Amino acid sequence: MKKLIIVLLTLLFTTVSYAETAQKITIINSGKAGGSFNARTQMYKDGLVAAGYDVTFENVGKISMAVEMFKESNEPTVMVYSNNQVYKQDLFHTEQNFIMLEYQQPLYICRTNASKDKSGALTVAHGKGYDPQLLKNLLGSDIILVPYKNSGAMLKGILGGDVDMMVNNQGKSFKYMASKEGSCEASDVLPKMGATVIGKNVDLQELRKVIFEITMTVQFIDYHTKRKLFRPSSTWQKELALTQQLEKGYAVK
């Protein structure tokens, strides 16, 4: 009995000590179910918990509200982000918030087989975070833009025959091609998309080490491999410079 009491007391004090010393961090989810932002955020949340962090999960589900929360946060905070959002959200990658460039990928333009002989304006699905004027500048004015909440919703829309075309990420475009309902091509006109992780009120370099280790877990490697995502792992300075260069492609001219 005495030994049992000692063990229980040890466990109790260990738990109390852990609760007092675990680093607190907030992770903001700007995505909705079915989208890449949501999928990545969930994996980072699980990874941070596994790494011993006391994680507060803010399931916002809307990029504009998530960015506003990030800007106003006074607590240690991280958020998945991408270079195609910076001009519309007025939040750029800087030395004060950049943690990591997780991957980069070309955007794909997909078109249904049924629309091949269609005359007149084509309906084009795109993410809500994309600047409509930029898309019209790059794709031409004879299109009707149809905003969707995320990449998964766009895929469902084009498969359901709701639109003629979509501008989507690599993973969802591969899924569409597998359906045989249409074709997709990597765009040499649209700028490349860079998926990033940003933070504030944290030691960026220390957290970068943790974030990198999370991306090396089986779950993340499987996510990247299935979608054939290119990981430009380099130094923090080079990744930031590349991200800032990729940002410029999304400026509306």
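None of these values were measured; they are calculated from a predicted model.

K.L.:
I'd like a description of the sheet that holds strand E9 (residues 182-186), backed by residues and values.
P.N.:
The strand order across the open sheet formed by five strands is E7-E6-E8-E5-E9, and the pairing between neighbours is mixed. Looking at strand neighbours, the two that pair on one side only are strand E7 (143-148) and E9, the edges of this open sheet. Looking at each pair of strands side by side, their axes are set apart by 25 degrees on average, direction ignored. By the bridge criterion, six bridges tie strand E6 (residues 122-127) to E7 in an arrangement that is parallel. Note on E7: the bridge partner recorded for Gly-127 is Tyr-148. Of the strands in this sheet, strand E5 (108-112), E6, E7 and strand E8 (165-168) are in contact with helix H5 (residues 132-139), which crosses E7 at around 140 degrees. On the sheet, helix H7 (residues 170-179) packs against E5, E8 and E9 and is oriented at approximately 25 degrees with respect to E5.

K.L.:
How would you explain a nonpolar patch on the surface if you had to name every residue and give the values?
P.N.:
Taken together, Phe-212, Met-216 and Ile-221 make up a surface patch of nonpolar side chains, about 240 Å² in accessible area. Judged by relative accessible area, which is 40%, Met-216 ranks as partly exposed.

Reading guide: rules and limits
- Residues numbered from 1 in each chain as written.
- Predicted model: local features only at pLDDT ≥ 70, side-chain atom pairs only at ≥ 80, totals over all residues.
- Heavy atoms only, no water.
- Pairing = 2+ DSSP bridges.
- Helix = DSSP H or I, 4+ residues; strand = E, 2+ residues; numbered from the N terminus.
- Axes fitted to C-alpha atoms, helices over the stretch in contact; angles between N-to-C directions.
- Contact = heavy atoms within 4.5 Å.
- Patch = residues over 30% accessible without salt bridge, like charges linked within 9 Å, V, L, I, M, F, W, Y side chains within 5 Å.
- Areas by Shrake-Rupley, 256 points an atom, 1.4 Å probe, with all protein chains shown as cover.
- Salt bridge = Lys/Arg side-chain N within 4 Å of Asp/Glu carboxyl O.
- Buried < 20%, exposed > 50% of the residue type's maximum accessible area, 1.4 Å probe, protein only.

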